[in-house]
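# Inside the fold
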Amino acid sequence: MDVTGILNQAFVGLSRTVILFIVSSGLSLILGVLRIPNIAHGSLYMIGAFMAFTISRLFGGGEMGFWMALIGAPLVVALISLFAERSVFQHLYEREHLMLLLLTFAFSLIFGDLVKIIWGGDYKSVPVPQVFQGFVPLIGGLPFPTYNVFLLVCGPVIAILLWLLVNKTKIGKISQAAAVDREMVGAVGINVSWVFAIVFVIGCLLAGLGGALVAPTVSVTLGMDHTLIMEAFLIVIMGGLGNIWGALLGALIFGLTQSLGILVWPQFGIIFPYAAVIIVLLFRPAGLLKATW
Amino acid sequence: MMRRIIVLVAFMVFVFGFAVWSSTGHAAGTIKVGIIDTYTGPATAYTQDTLDGFKLAVEKINAKGGVLGKKLEYTTRDEKFKPDIGLAMAKELVMKEKVDVLAGTINSGTALAVSEFAKKEKIPFFVFYSKSEKIIGEKGHKYVFNMNENTMMAGRAAGAALGKMPYTKYWIAGDDYEYGHSIANNVWENIQKFNKKAILLGQTWWKVGEADFTPYITQILAAKPEFIIVATGGSGMVNFQKAAKATGLAQKIPFYQHTATELGTLMPQGKDAPEGVWGTSHYFFYYPDTPANKAFVDEFRKAYNRYPKASALTGYMTAQFIAEGYKKAGKVNTEAFIKALEGMSLPSPVGPLAIRACDHQLELPTYWGITKKDPKYDFLISGDTQVVDPKDFMPSCQEVLRPRKQ
């Protein structure tokens, strides 16, 4: 395969990376600060996609519908997560991880059934907005969907926003400190409980945003949570538990090995990202970047 | 103290009352069908219609006095797309619920597991919507009935239609599981039979549930095939079509997917679905345009306020075959029931349908068509629809039964 082919495939892989990064950075944030391995994160991503469908419908399904969905769906997910955090999770931070794992697993089942009750079993589809319909030719004339160009813009924007949030805001600094020593932060008079709630909601908002962004490219369906949560966890583990930049690195590796792997060996393209995970963990069992755990 | 006792007694009366009431619900004067299917996850898009079609027919049968003076009853179980759960449920339905007949499942793994159990327990088992050719082939037996088309029938029908077209350079792509490989193999084998010049440029396989097909599509485009056989199932159908439209694949290279033209694939996409995709199906609510089909569609829409998908026909016909089978047998006896069903033909929305005596396969038609916009609907439909000659895709009895003996 020539160079243009490789470049094309890399571009395509990058747009997949964006979705993976957005979702797994949220997962990693929650894991790092709150120490919750949130299995229900995938369900929130699914709810984000279904909400995007509903909101886009509400506004006539066109351009307006898409933008409203992109803003509205993550907010709805954030509200749901705020409710879950205040009512259940905040009482359980001190429990063992296994307990939390089971609890979030239960939540993922409940959310899954709720989605079925509310939206039914049929596949849903969110139309790609007019501006992003069609494709642009890449090097060598191979088509690249315009919507993916939009995704490629979204990725860095969100990465920068996250960086600003973590490093330049008070809440970011407090949560960094709380991740290291929760009691100490409480001792200096900061309401840790609310800091945790905010971090949890931001993390879940990212899941919802991922769902809203992916919705126009796929069929919105029950079960889309399962595939994603597995990949997101692998990415977070590969990158280093709780490290947002690890999530970015993991998502890059995952997305690129997949798209480039297809070039090398189309029949078995699916094994490359998983092989990458194994190789990374063989040489760096704690992940590529420093884990907060 | 007295109050406590009263409360306790009241509670016990309530609980036992419930138990007695609910057990009388399954009185001796009924024929019971135990349905095991996937009611969680993406498969629900199809299983709900199977169940609703079944329900519709059962209500009609019971309104006309039931079967042999008995009411036809059914109970459902959700196997969550897991064969081990499905098998446990089949056991529970037979041992505890004492069902006379088992039916169900969109999952081939579950269908095969339950089928094995049905064979041992000598309980008739009607397969609703899983498409493995092993169900009546290699793993077939006297007690299993396939009420749906299988991958061999669908794949061969498409292969026959494609083999008569001028394309020679093919590419195969699909979901990396039995269904995908089986569809693709059957299509490709039949293409070669009809078109000696056909060659395969390459293959691409992705994991089941893959959501982003763009990287695969750019790679296929680079290879410049003339036609692509796309063997996706479930939500992959819509996902692939969306990606094919976004990347411009749909405008550049024609491709085929089994069920591409079905309502379940096209309706969710509305007017945005790609035009010009070839597909096969055994049922459309608008084709054939006959009074019988119209009557069924009207009935279904009246009951559920939506159009029936292909899977609705399966449920609808299964209930009727069960009822007519017992009627013809004249008694609730499994052996007589099976004998009665072999070769039985019933009128259906798509014309008379028969259960083939040798292998218990329902002889469904196959419709070949291409996705097209239609002013009557706000989604695409199957255009230029043709009936594929059963000679071109129905395997002979001998061919189906051969692997059973090994």
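Residues numbered from 1 in each chain as written. Chains lettered and ligands numbered in written order. Predicted model: local features only at pLDDT ≥ 70, side-chain atom pairs only at ≥ 80, totals over all residues. Heavy atoms only, no water.

### Some points on the overall build of chain B
Scanning chain B from terminus to terminus reveals 15 helices and 14 strands. By the compact-globule yardstick of 22 Å for 406 residues, chain B fits well, its C-alpha radius of gyration being 23 Å. Along the three orthogonal principal directions, the C-alpha set of chain B runs to about 85 × 50 × 45 Å. Of all 406 residues assigned to chain B, the portion counted as buried reaches 60%. Chain B carries 50 positive and 40 negative side-chain charges, and their two centres are separated by 3 Å. (Helix = DSSP H or I, 4+ residues; strand = E, 2+ residues; numbered from the N terminus. Rg over C-alpha atoms; globule rule 2.2 N^0.38 Å. Buried < 20%, exposed > 50% of the residue type's maximum accessible area, 1.4 Å probe, protein only. Lys, Arg positive; Asp, Glu negative; His and termini not counted. Charge placed at Lys NZ, Arg CZ, Asp CG, Glu CD.)

### What about the overall build of chain A?
Within chain A, the secondary structure is distributed over 11 helices and 4 strands. Radius of gyration (C-alpha) of chain A: 19 Å, near the 19 Å computed for a compact globule of 293 residues. In terms of its C-alpha atoms, chain A occupies a principal-axis envelope of roughly 60 × 50 × 35 Å. Considering only residue pairs separated by 6 or more positions, chain A has 76% of its internal contacts joining residues 24 or more positions apart. Counting only carbon and sulfur atoms, one obtains 75% of the accessible surface of chain A, whose full area is about 12300 Å². Put simply, chain A has 13 plus and 11 minus side-chain charges, and the middle of one group is 7 Å from the middle of the other. (Contact = heavy atoms within 4.5 Å. Areas by Shrake-Rupley, 256 points an atom, 1.4 Å probe, with all protein chains shown as cover.)

### Some words on the environment of Tyr216 of chain B
Within the fold, Tyr216 of chain B resides in helix H7 (residues 214–223). In this structure, the C-alpha to C-alpha distance between Tyr216 of chain B and Lys328 of chain B, residues 112 residues apart in sequence, is 53 Å. Setting aside residues up to four positions removed in sequence, Tyr216 of chain B forms contacts with Gln258, Ile262 and Ile270 of chain A together with Thr204, Trp205, Trp206 and Glu210 of chain B.

### Quick notes on the confidence of the model for chain B
Residue and element names in this part refer to chain B. Of all residues in chain B, 93% attain a pLDDT of 70 or more, and the chain-wide mean is 91. The low-confidence segment residues 15–27 (pLDDT under 50) makes 5 contacts with residues lying over four places distant or belonging to another chain. In the model output, the complex is listed with pTM 0.82 alongside ipTM 0.73. (pLDDT = per-residue confidence, 0-100.)

### Side note on the sheet that holds strand E10 (residues 278–281) of chain B
Residues and elements named next belong to chain B. Spatially, 7 strands are ordered E7-E6-E8-E9-E10-E13-E14 in an open sheet, and the strand pairing comes out mixed. Edge positions in the sheet fall to strand E7 (199–206) and strand E14 (381–387), since each has one partner strand and no second. Across this sheet, the average inter-strand angle for adjacent strands is 25 degrees, counted without regard to direction. Helix-sheet contacts for helix H6 (residues 178–194) involve strand E6 (169–175), E7, strand E8 (227–231) and strand E9 (255–258), and the interaxial angle to E8 is about 145 degrees. Its contacts with the sheet place helix H8 (residues 235–246) against E7, E8 and E9, and it is angled at close to 165 degrees to E9. (Pairing = 2+ DSSP bridges. Axes fitted to C-alpha atoms, helices over the stretch in contact; angles between N-to-C directions.)

### Here's the deal with the layout of surface pockets
Size it by volume and the second largest pocket reaches roughly 520 Å³. Lining the second largest pocket are 23 residues, with Phe53 and Arg57 of chain A together with Met267, Pro268 and Gly270 of chain B positioned closest to its centre. Within the residue set of the lining of the second largest pocket, elements represented by two or more residues are helix H2 (41–58) and strand E1 (124–125) of chain A together with helix H10 (263–266) of chain B. In terms of residue count, H2 of chain A provides more of the lining of the second largest pocket than any other element does, 3 residues in total. (1 Å grid on protein atoms, 1.4 Å probe; cavity = no way out; pocket = protein on both sides within 12 Å on 5 of 7 lines; lining within 4 Å. Points joined across faces, edges and corners; volume = space filled by probe spheres on them.)

### A few points about the pattern of salt bridges
In this structure the tally under the stated criterion is 24 salt bridges over all chains. Across the salt bridge formed by Arg16 of chain A and Glu231 of chain A, the nearest N and O atoms sit 2.8 Å from each other. One end of the pair, Arg16 of chain A, is in helix H1 (residues 3–34); the other, Glu231 of chain A, is in helix H9 (residues 224–239), with 215 residues separating them in the sequence. Here the two residues Arg16 of chain A and Glu231 of chain A agree in accessibility, since each one is buried. The closest approach of N and O atoms between Glu231 of chain A and Lys207 of chain B, which form a salt bridge, is 2.8 Å. Of this pair, Glu231 of chain A sits in helix H9 while Lys207 of chain B is found in the loop between E7 and H7, placing the two residues in two different chains. No difference in accessibility class separates Glu231 of chain A from Lys207 of chain B, as the two residues are buried. (Salt bridge = Lys/Arg side-chain N within 4 Å of Asp/Glu carboxyl O.)

### Quick look at the pairing of E7 of chain B
Two faces, one strand: in a regular strand the side chains alternate between the faces of the sheet. All names here are of chain B. In the sheet, E6 pairs with E7 via 7 bridges, with the strands oriented parallel. Within E7, the residue paired with Lys169 across the bridge is Ile199. In this fold, the crossover linking E6 to E7 by way of H6 has right-handed handedness. (Right-handed = clockwise from strand over helix to strand, strands pointing away.)

### A closer look at the sheet that holds strand E5 (residues 144–146) of chain B
Residue and element names in this part refer to chain B. The parallel open sheet is built from 5 strands, whose spatial order is E2-E1-E3-E4-E5. Lying at the two open borders of the sheet, with one neighbouring strand each, are strand E2 (71–78) and E5. Sheet twist, expressed as the average angle between the axes of neighbouring strands with direction ignored, equals 20 degrees. In this sheet, E5 lies alongside strand E4 (residues 125–127) in parallel orientation, the contact comprising 3 bridges. By the bridge assignment for E5, Val127 is matched with Asn146.

### A word on unusual backbone geometry
Residues and elements named next belong to chain B. Along the chain, Tyr287 connects to Pro288 via a cis peptide bond; the corresponding omega equals -5 degrees. Its place among the elements puts Pro288 in the loop between E10 and helix H11 (291–304). A positive phi angle is found at Asn305, which is not glycine, with a value near 60 degrees. Mapped onto the elements of the fold, Asn305 is located in the loop between H11 and helix H12 (310–329).

### Re H2 of chain A
Residues and elements named next belong to chain A. For H2, which comprises 18 residues, the first-to-last C-alpha distance of 25 Å matches the rise-based estimate of 26 Å (1.5 Å per residue) to within 8%. For H2, the tally of buried residues reaches 15 of 18 residues, placing the bulk of the element in the interior. Backbone geometry just downstream of H2 places Gly60 in the positive-phi region, at approximately 85 degrees. (Expected span 1.5 Å × (residues − 1).)

### Some details on empty space enclosed by the protein
Counted according to the given criterion, the structure contains 2 cavities of 30 Å³ or more. Asn38, Ala40, Leu44, Ser81, Ala84, Phe89, Phe107, Phe111, Phe200 and Cys204 of chain A together form the lining of the largest cavity. The set of elements that each furnish at least two residues to the lining of the largest cavity consists of helix H3 (63–87), helix H4 (97–119) and helix H8 (192–214) of chain A. In the lining of the largest cavity, the residues fall into 8 nonpolar, 2 polar and no charged. Lining the second largest cavity we find Glu262, Leu263, Tyr283, Phe284, Phe285, Tyr286, Pro308, Lys309 and Ala310 of chain B. Along the lines of polarity and charge, the residues of the lining of the second largest cavity split into 7 nonpolar, no polar and 2 charged. (Nonpolar A, V, L, I, M, F, W, Y, C, P; charged D, E, K, R; others polar.)

### Here's the deal with the state of the cysteines
Counted under the stated rule, the structure contains 1 disulfide over all chains. Put simply, Cys358 of chain B and Cys397 of chain B are joined by a disulfide, and their sulfur atoms are 2.0 Å apart. Its S-S torsion of approximately -80 degrees makes the covalent link between Cys358 of chain B and Cys397 of chain B left-handed. Placement of the pair is Cys358 of chain B in the loop between strand E12 (353–354) and strand E13 (367–372) and Cys397 of chain B in helix H15 (residues 397–405), with a sequence separation of 39 residues. Of all cysteine sulfurs, the one in Cys204 of chain A lies closest to Cys154 of chain A, which takes part in no disulfide; the gap is 20 Å. What makes Cys154 of chain A buried here is its relative accessible area of 12%. (Disulfide = S-S within 2.5 Å.)

### Brief notes about a nonpolar patch on the surface
Residue and element names in this part refer to chain A. On the surface, Val136, Val149, Val153, Val157, Ile160, Leu161, Trp163, Leu164, Trp245, Leu249 and Leu289 cluster together into a nonpolar patch covering about 870 Å² of accessible area. For the nonpolar patch, the leading source of residues is helix H5 (residues 146–168), giving 7 residues. Structurally, the position occupied by Val153 is in helix H5. (Patch = residues over 30% accessible without salt bridge, like charges linked within 9 Å, V, L, I, M, F, W, Y side chains within 5 Å.)

### Structural notes on the side chain of Ser219 of chain A
Checked against the element boundaries, Ser219 of chain A lands in strand E4 (residues 219–220). A distance of 3.4 Å separates a polar side-chain atom of Ser219 of chain A from the backbone oxygen of Ser235 of chain B. Discounting residues that sit within four places of it in the chain, Ser219 of chain A has contacts with Tyr123 and Lys124 of chain A together with Ser235, Val238, Asn239 and Lys242 of chain B. (Polar contact = N/O pair within 3.5 Å; in protein donor to acceptor, adjacent residues only side chain to side chain.)

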